[in-house]
Number of protein chains: 2
Amino acid sequence: MSKKVITISREFGSGGRTIAKMVAERLDYAYYDKALVERIAKESGYSEEFIERRGEDATSTSSFLFNLSRTGSGGYDGVPGISDKLYVIQYNLIKKLPEEGPCVIVGRCSDYILKDYVDSLHVFVYADSPFKADRIVRLYGERDDIPEKRLEEKDKKRKVYYKNYTGRIWGMSNNYDLCLNSGKIGIENCVDIIVKLAQL
Amino acid sequence: MSKKVITISREFGSGGRTIAKMVAERLDYAYYDKALVERIAKESGYSEEFIERRGEDATSTSSFLFNLSRTGSGGYDGVPGISDKLYVIQYNLIKKLPEEGPCVIVGRCSDYILKDYVDSLHVFVYADSPFKADRIVRLYGERDDIPEKRLEEKDKKRKVYYKNYTGRIWGMSNNYDLCLNSGKIGIENCVDIIVKLAQL
């Protein structure tokens, strides 16, 4: 395998996580999604549930990049520095993951953190709103009357989190090696393309 | 073939045009690049050379979308309305191209103009600067000491042109169905992926 690390960033409801899992299974790679939360929890001392809440969907009111040199910069809910502390732990963990063997990593700025890792493939998965709305209602049993609103809110948070910690625009094609509209291309075809490119 | 229209937008030097041509040949589709310029020239009465100059690389100082209702809005070099007039001719031509048979269209906001055409595949091709710089020097014999500067200037113009006529951000993944880093993936592999998806 020439691509030892595959990062998959995704819009909420696009099926990116499903694609990531299927790719990991097909390639027999380690799969980091919940497993990454467990590792961050272990390392930080915070609970997995807390890490999930403070994860990539969290909106931070302060900019990590611009506040690096400041002390006591405010976290998004008044607990100073916790989001930034968790990001640093996450950054160091993801940076070292390739040393443990081939893997697929879902989200958490992993495309940015491993951008200089040569044997990598960075993928972004997205889809049109009707496809995503239908998917979250079917799979997650979303309780909202308007699933489109939930989609928008979730992705807006990911966008802010990504901008905050990377300085880049979430979803801009040139952050990634490959961007796939899963609604148009189909989940199975997305998996096939990624697996084939990983094997080149 | 399920995808009867393939639009290929591309960063300068990324090999997007080469990919488009190879895809058209493999699928036996009509190929619109220079052929589109010829058609616009015929329709507008302006020379091909003039159309090329006023094409997608032209920087307009006025916004087409916001100036639609105004009269006498200034073109980018003081000739009022010519860029907008050419865009309207181009828009109408591209909109009708699918009626003539399966085709591959390069650039010129074709992804936006045909965004509602169901049997379509909209592709964006990009690459890292060293790959593009090496390519333009080898293929076009670019005379600049700093090819990176020329790359930047060309793409900046395309970005402004695209924003002006579509209101969208050039290179944002969700404008397209598929985005490919040709430097990382390779020209031949990009062609394979597009051809395979077109045939699904």
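Attention now goes to the interface of chain A and chain B. Contact residues are listed per partner, giving 24 residues for chain A and 24 residues for chain B. Connecting chain A to chain B are 2 salt bridges. For Asp177 of chain B, the salt bridge is made with Lys184 of chain A, and the minimal N-O distance between the two is 2.9 Å. At the junction of chain A with chain B, the criterion picks out 13 residue pairs in polar contact (both at pLDDT 80 or more). The set of elements that each furnish at least two residues to the side of chain A that touches chain B consists of β4 (120–126), β5 (178–181), α9 (182–185) and α10 (187–199) of chain A. The leading source of residues in the side of chain A that touches chain B is β5 of chain A, at 4 residues. Broken down by class, the residue content of the side of chain A that touches chain B amounts to 14 nonpolar, 6 polar and 4 charged. Where β5 of chain A meets strand β5 (residues 178–181) of chain B, 3 bridges bridge the pair, whose relative direction is antiparallel. Residue pairing for β5 of chain B: Cys179 of chain A is matched across the bridge by Cys179 of chain B.

Glancing now at the relation of the copies chain A and chain B. When chain A is fitted onto chain B, the two copies agree to an RMSD of 0.0 Å after a turn of 180 degrees and an axial shift of 0.0 Å. Both copies are brought into coincidence by an operation consistent with a two-fold rotation axis. Looking at chain A, 100% of its interface residues are interface residues in chain B too, so the copies touch through the same face.

Residue and element names in this part refer to chain A. Looking at helix α2 (residues 34–44), one finds that the buried residues are Leu36, Val37, Ile40, Ala41 and Ser44. Taken end-on, α2 shows its buried residues confined to a sector of 140 degrees, consistent with a single buried face. Away from its buried face, by an angle of more than 90 degrees, α2 presents the exposed residues Lys42 and Glu43. Contact partners of the buried residues in α2: β2 (30–32), α3 (48–53), α5 (82–96) and β3 (103–106). One or two steps after α2, the chain reaches Gly45, where phi turns positive at roughly 90 degrees.

Criteria and thresholds
Residues numbered from 1 in each chain as written. Chains lettered and ligands numbered in written order. Predicted model: local features only at pLDDT ≥ 70, side-chain atom pairs only at ≥ 80, totals over all residues. Heavy atoms only, no water. Contact = heavy atoms within 4.5 Å. Salt bridge = Lys/Arg side-chain N within 4 Å of Asp/Glu carboxyl O. Polar contact = N/O pair within 3.5 Å; in protein donor to acceptor, adjacent residues only side chain to side chain. Helix = DSSP H or I, 4+ residues; strand = E, 2+ residues; numbered from the N terminus. Nonpolar A, V, L, I, M, F, W, Y, C, P; charged D, E, K, R; others polar. Pairing = 2+ DSSP bridges. Least-squares fit on C-alpha atoms with pLDDT ≥ 70 in both. Buried < 20%, exposed > 50% of the residue type's maximum accessible area, 1.4 Å probe, protein only. Arc of directions from axis to C-beta.

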